[in-house]
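# An overview of the molecular structure
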Amino acid sequence: MRINTLLMTIALVLALIVPSHGAQGKNPGTQVTPAPGGASIVPGVSMGPIELGMTSAQMYSMGGPPSGSRTYDQLRQDFSQQGTPVDQYNLFINGFDTGEDFCTPGAPMSFGQVFYRGDRVMHIIISSWCVEGQMVNLRTAEGIGIGSTTQDVLRTYGKPDHQYYDASVGDVYDYLRRGITIILANEHVELIEIYQPE
């Protein structure tokens, strides 16, 4: 009886102090609970306080009005002119209605872009040239964020599901089954994208 009680106590303590394999996000499609205050990137779920499925009104209540807004066709043309291979870019493959920029220094939230299908957020991008304030230190549960190295990304997530070069930004690593794309320039993370896993 004492041995069973001791074993149950050890198991309970281990369950509380050692994260499970899934909680660390090692399995594709596993959801990880965001850190307190929304200070984390959760592939396929959220980027800090911004969650997939939020409405534009919810976005504006947190981040103020966007600094710009464009339709799918306008953005497809803009990205194509910048050298982005839009036929390989999952944002354009999956489609969206509008994209909004949140890239104004000093705004309540300056981080990158949000894309909507209907009035619901379906794709979020954080970029090194827009991010400031509370969004600067966002990291995945494994520690990947803006400034992480190529080795960090590959060690954490392994070989991407899809990989290509985008002349406008750099090397694109799509982890489609996880719901995260990581874009690197000069061996460092410059952009991170979150969307529903495939």
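A brief report on the enclosed structure follows. Every value quoted in this text rests on a predicted model; they were computed, and no experiment measured them.

### What about the state of the cysteines?
For the structure on display, the rule yields 1 disulfide. Disulfide pairing places Cys103 opposite Cys130 at an S-S distance of 1.8 Å. The disulfide joining Cys103 to Cys130 has a torsion of about -95 degrees about its S-S bond and is therefore left-handed. On the criterion of sequence distance, the pair formed by Cys103 in the loop between strand S5 (98-102) and strand S6 (112-117) and Cys130 in the loop between strand S7 (120-127) and helix H5 (150-157) is long-range, its members being 27 residues apart. The exposure class assigned to Cys103 is partly exposed, which follows from its relative accessible area of 30%. Given the relative accessible area of 7%, Cys130 is considered buried.

### A short note on the environment of Ile144
Note on placement: Ile144 falls in the loop between S7 and H5. Relative accessible area serves as the criterion here: at 2%, Ile144 is assigned to the buried category. Distance from Ile144 to Val189, taken between C-alpha atoms, is 8.5 Å for residues 45 residues apart in sequence. Those residues in contact with Ile144, other than ones at most four positions away along the chain, are Ile41, Leu138, Arg139, Asp152, Val153, Thr156, Tyr157, Ile182 and Ile192.

### Details of the pattern of salt bridges
Tallied over the entire structure, the rule returns 5 salt bridges. The salt bridge partner of Arg177 is Asp161, with a shortest N-O separation of 2.5 Å. Taken together, the residues span a long stretch of sequence, with Arg177 in the loop between strand S9 (170-175) and strand S10 (180-185) and Asp161 in the loop between H5 and strand S8 (162-166) at a distance of 16 residues. A relative accessible area of 33% places Asp161 in the partly exposed class. Connected via shared salt-bridge partners are Arg70, Asp78 and Asp101.

### Overview of the packing of aromatic side chains
Summed over the entire model, instances satisfying the criterion amount to 9 aromatic pairs. Seen in terms of ring centroids, Phe102 and Phe111 are 5.5 Å apart; in terms of plane orientation they differ by 10 degrees. Their pairing is stacked. Note on accessibility: Phe102 and Phe111 belong to one class, buried. Taking 5.3 Å as the distance between ring centres and 45 degrees as the angle between the ring planes, the aromatic pair formed by Tyr157 and Tyr175 counts as tilted. Taken together, the positions of Tyr157 in helix H5 and Tyr175 in strand S9 put the pair 18 residues apart, joining distant regions of the chain. Site record: aromatic cluster; members linked through ring pairs are Tyr72, Phe79, Tyr89, Phe92, Phe96 and Phe115.

What counts, and where the lines are drawn
Residues numbered from 1 in each chain as written. Predicted model: local features only at pLDDT ≥ 70, side-chain atom pairs only at ≥ 80, totals over all residues. Heavy atoms only, no water. Disulfide = S-S within 2.5 Å. Helix = DSSP H or I, 4+ residues; strand = E, 2+ residues; numbered from the N terminus. Buried < 20%, exposed > 50% of the residue type's maximum accessible area, 1.4 Å probe, protein only. Contact = heavy atoms within 4.5 Å. Salt bridge = Lys/Arg side-chain N within 4 Å of Asp/Glu carboxyl O. Phe/Tyr/Trp six-rings, centres within 6.5 Å; stacked < 30°, edge-to-face > 60°.

These values are about where atoms sit, not about what they do.
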